[in-house]
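Okay, here's what each chain looks like letter by letter:
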Amino acid sequence: MNITCLAFGAVIIIFGILFFVGKLHKYFSFWKKMSFEERSKINIKAISHNIGLVLFVCGAILLAAGLWSFFYSKLFIWFMIGWVVITVMDFAYLTKSKRFLNNSEVIKK
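Values in this document were obtained by computation on a predicted structure and should not be read as measured data.

Looking now at a nonpolar patch on the surface. On the surface, Val 11, Ile 14, Phe 15, Ile 17, Leu 18, Phe 20, Val 21, Leu 53, Phe 56 and Val 57 cluster together into a nonpolar patch covering about 850 Å² of accessible area. Secondary structure elements with two or more residues in the nonpolar patch: helix 1 (3–20) and helix 4 (44–67). Ranked by residues supplied to the nonpolar patch, first place goes to helix 1 with 6 residues. Relative to the helices and strands, Ile 17 is located in helix 1.

Turning our eyes to something else, we now look at the environment of Leu 63. In this structure, Leu 63 sits in helix 4. Setting aside residues up to four positions removed in sequence, Leu 63 forms contacts with Cys 5, Leu 6, Gly 9, Ala 10 and Ile 13.

What follows concerns the nonpolar core. In a soluble, globular protein the nonpolar side chains are often hidden away together inside. In terms of nonpolar packing, the biggest core is built from 11 residues, these being Cys 5, Val 54, Cys 58, Ile 61, Leu 62, Ala 64, Ala 65, Phe 71, Phe 76, Met 80 and Trp 83. It is helix 4 that provides the largest number of residues to this core, a total of 6 residues. Other than its neighbours up to four places away in sequence, Phe 71 contacts Ile 61, Ala 64, Ala 65, Phe 76 and Phe 79.

The rules we used
Residues numbered from 1 in each chain as written. Predicted model: local features only at pLDDT ≥ 70, side-chain atom pairs only at ≥ 80, totals over all residues. Heavy atoms only, no water. Patch = residues over 30% accessible without salt bridge, like charges linked within 9 Å, V, L, I, M, F, W, Y side chains within 5 Å. Areas by Shrake-Rupley, 256 points an atom, 1.4 Å probe, with all protein chains shown as cover. Salt bridge = Lys/Arg side-chain N within 4 Å of Asp/Glu carboxyl O. Helix = DSSP H or I, 4+ residues; strand = E, 2+ residues; numbered from the N terminus. Contact = heavy atoms within 4.5 Å. Core = buried A, V, L, I, M, F, W, Y, C linked by side-chain atoms within 4.5 Å. Buried < 20%, exposed > 50% of the residue type's maximum accessible area, 1.4 Å probe, protein only.

Shown next as structure tokens:
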């Protein structure tokens, strides 16, 4: 049992859940500094779900590494490489997709 992986996994899962339910983004300074017009262009619910799921998966991988020594010694690095690759692809999609804009903004463009 790896205590470090368990601790980080639990913390990251908690942050992932908080993002997913939409409770965390409002505490970030960049969100507070945005004007109402800028905020209204963004579909924060979809972005929060996306980021929350990415964090939750990372936390689950870390928890698995903390609980099972076989996973930590044989599979952990491959799962983390896969997670990083998928997260980079997700970030590219997040920045290019109109899915994360509110419907009124998609129609204007």
